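A look at the structure
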Amino acid sequence: MLAAAAQYLVSGLTVGATYGLTGLGFTMIFNTTGIINFAQGEFVMLGGMMSVFFRTWLGLDLFSAITLAVLATAVVGAAMERLTIRPIQGASPINLVIATIGVSILIRGAAMLVWGKDTFSLPPFGGTAPIAFAGAAVQPQSLWALAITLALLTALKLFFSTSIHGKAMLACSCQRKAASLMGISVARMSLFSFGLSGFTGAVGGAILAPITMTSYDVGMMLGLKGFAACILGGLGNPFGAAVGGLLIGIMESFGAGYVSSAYKDAFAFVVLLLLLFVRPSGLFGKAGVERV
Amino acid sequence: MRPWHARNLSRAGLFAVALFMAPLFLPNEYYINILILGAINALIALGLNLLLGYAGQISLGHAAFFGLSAYATAYATTRLGLPIPAGMGLGVALSALVAWLIGMPTLRLKGHYLAMATLGFGIIVNIVMNETVDVTGGPSGFVGIPRLALFGFIFDSDRSYYYLTAGVLALAALFSLNLIDSRVGRALRAIHTSERAAQTAGVDIAGYKLFVFVLSAAFAGVAGVLYAHFLCFVAPSSFGFHFSVQLVVMVVLGGMASVWGAVAGAFFLTALPEALRGFEEVDILIYGAILVSCVMYMPMGMAGAASGLRRRLGRRRGGGAPGAPGSEEGGHAG
């Protein structure tokens, strides 16, 4: 009984780590630009698919393949900002969101053309021998996923609190106009935020690929879960997004284990809806003050 | 009879004439098919436009209301053996009822939180459609829905079905136009501009939001029953997140807060994949590129582009610029 629960917890945390990283990507872009980027899920897909591609077609070792894939996705994110978001930066929010939807369709279409509709998988980062933990058999890959997520979160935290660029991005999220008056290039921060989101999303995709397999169309559902993660944690709060992601992963895993695996995807959304009815700004979100 | 009634009636009349003439210029039944689906999508877009374009409330779950009514009439007319009009009534009523129930707690949310809640609702409904196999037939769909028959007349040719959907669409457009010009329409626009200011002026915000949400779900419901009895087959994949997003794109691409814009956006997005079919594998790429460039180069949508063009032409001729139908209804995009 306890062993099963521990098993669900570990698998929930593993998948939740990716949701959290996806949510973090949403948050970074939202904070600097105010846009909900619906192509975020495609960054996650690209992270996984390009790792597979670089490993098998170019014959790179796993580590270099993933590094290259993550960097390439960051470039895709930056290119997306330059080509589609920058030219229409003054447009209404809904137009910007639709532009990101268009980009996500483009990326998905391109991935389908290049890699076909097959499902691919990446080998686990370390051995495959399960480790016993509280009666549950933990795959080493789960530990890798959690460790990498934790390391990335720490690095991002350091980046935002100590580096000049990180602080500049934070300033944009507080008050864009004031930031620009202080000599911060808001346009460049917007570019950085898309690149960094691509980076974070791709890491999430790469750590998930050995566990759940990957294909050209995994991005949409992952993107929705990531969006759900940041709404659950309170939009704009990076800590909330990470915790929200882990919570959604755990809810899904327990829902699938104890209730029904068919309704796995519905479970997290039901809980999210109920939570929003009680707390309309998410778990850690501040109740918005509206200026008239 | 209000002063705007005559004007709206003549516009909707012209629209109806245009719709009824359209098949005369089309070579074969394949195009009529696309027109029918376009009219059905336009019906949903009209309702969503009232919610999104005028009241400023987003819904990323409208495909669910479309699907609920389609499944309801499918189930009622086959398994329960009810007559088709009863099934259709039941379908529309179910969509409206679910919208009422879900709208009460959901519409208190704002902005991105509202988007997430409606999105989540849509996904939950879609998963239920997929999983309750003994009711809905599951992912492989619900087969054997009877073709529409009303008062002894069977709409078995695509042409007759087209005239029916075109008639319903024209009536829905007339209804929307009149609603927008009425007290309700002014209240909706006030909510869009500033909820606080509208509230101060005595507008019952929660009531109007719920009303327009239920109304737009009912539009989607009417579209759903027409869809089910046209294709005689429904499957959950037609009612997923993808379609919900497409509906929002129709409204925005057409030009927010414009009745004719929503209709134009719906027909455009319905026909586009068919027009791109010749490109085989790269069609999805072209579709995405067209979407992005439309948003980039027509920020106010088709209606906005049309009125801009008309203004420019008017200036060149040196005459006064008669605004496009879309622009007069209040440019509340944004």
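Above this text is the structure in question.
Residues numbered from 1 in each chain as written. Chains lettered and ligands numbered in written order. Predicted model: local features only at pLDDT ≥ 70, side-chain atom pairs only at ≥ 80, totals over all residues.

Turning to the overall build of chain B, a few remarks are in order. From N to C terminus, chain B includes 15 helices and four strands. Computed over the C-alpha atoms, the radius of gyration of chain B is 20 Å, within 12% of the 20 Å expected from 2.2 N^0.38 for a compact globule of 334 residues. Seen through its C-alpha atoms, chain B measures out along the principal axes to roughly 60 × 50 × 45 Å. Counting across all 334 residues of chain B, residues that qualify as buried make up 51%. (Helix = DSSP H or I, 4+ residues; strand = E, 2+ residues; numbered from the N terminus. Rg over C-alpha atoms; globule rule 2.2 N^0.38 Å. Buried ≥ 20, exposed ≤ 12 C-beta atoms within 10 Å, placed from the backbone.)

Across its full length, chain A carries eleven helices and two strands. Starting at the N terminus and walking to the C terminus, you meet the elements of chain A as α-α-α-α-β-β-α-α-α-α-α-α-α. The principal-axis extent of the C-alpha atoms belonging to chain A is close to 55 × 50 × 35 Å. Burial statistics for chain A: of 292 residues in total, 52% are counted as buried. Taking as baseline every contact in chain A between residues at least 6 positions apart, the subset at least 24 positions apart corresponds to 75%. (Contact = placed C-beta atoms within 7 Å.)

Quick look at the interface of chain B and chain A now. On the chain A side, the residues contacting the 35 residues of chain B number 37 residues. Elements with a minimum of two residues in the side of chain B that touches chain A: helix 5 (111-131), helix 9 (195-200), helix 11 (241-254) and helix 13 (283-297) of chain B.

Take the environment of Phe43 of chain A next. Residues and elements named next belong to chain A. Summarising the element assignment, Phe43 is placed in helix 2 (residues 40-56). The class of Phe43 is buried, set by 34 C-beta atoms lying within 10 Å. The spacing of Phe43 and Ile131 is 88 residues in sequence and 31 Å in space, taken between C-alpha atoms. Among all residues touching Phe43, those that are not within four sequence positions of it are Gly25, Thr73, Gly77, Ser197, Gly198, Gly201 and Ala202.

With that settled, consider the packing of helix 2 (residues 29-54) of chain B against helix 10 (residues 205-231) of chain B. The geometry of a pair of packed helices is captured by two quantities: the angle between their axes and the separation between those axes. Residues and elements named next belong to chain B. Orientation of helix 2 relative to helix 10, taken along the N-to-C sense of each, is 170°, at an axis distance of 7 Å. The orientation of helix 2 relative to helix 10 falls into the category roughly antiparallel. Facing helix 2, whose interface residues are Ile36, Ile40, Leu43, Ile44, Leu46, Gly47, Leu48, Leu50 and Leu51, helix 10 presents Val212, Phe213, Leu215, Ser216, Phe219, Ala220, Val222, Ala223, Leu226, Tyr227 and Phe230. Its residues placed into classes, the contact of helix 2 with helix 10 shows 18 nonpolar, two polar and no charged. (Axes fitted to C-alpha atoms, helices over the stretch in contact; angles between N-to-C directions. Parallel < 35°, antiparallel > 145°, perpendicular 65-115°, else oblique. Nonpolar A, V, L, I, M, F, W, Y, C, P; charged D, E, K, R; others polar.)

With that out of the way, let us pick up the environment of Leu113 of chain A. All names here are of chain A. Looking at the element boundaries, Leu113 is found in helix 4 (residues 93-115). For Leu113, a count of 13 C-beta atoms within 10 Å puts it in the partly exposed group. On a C-alpha basis, the gap between Leu113 and Lys177 in space is 42 Å, while along the polypeptide they are 64 residues apart.

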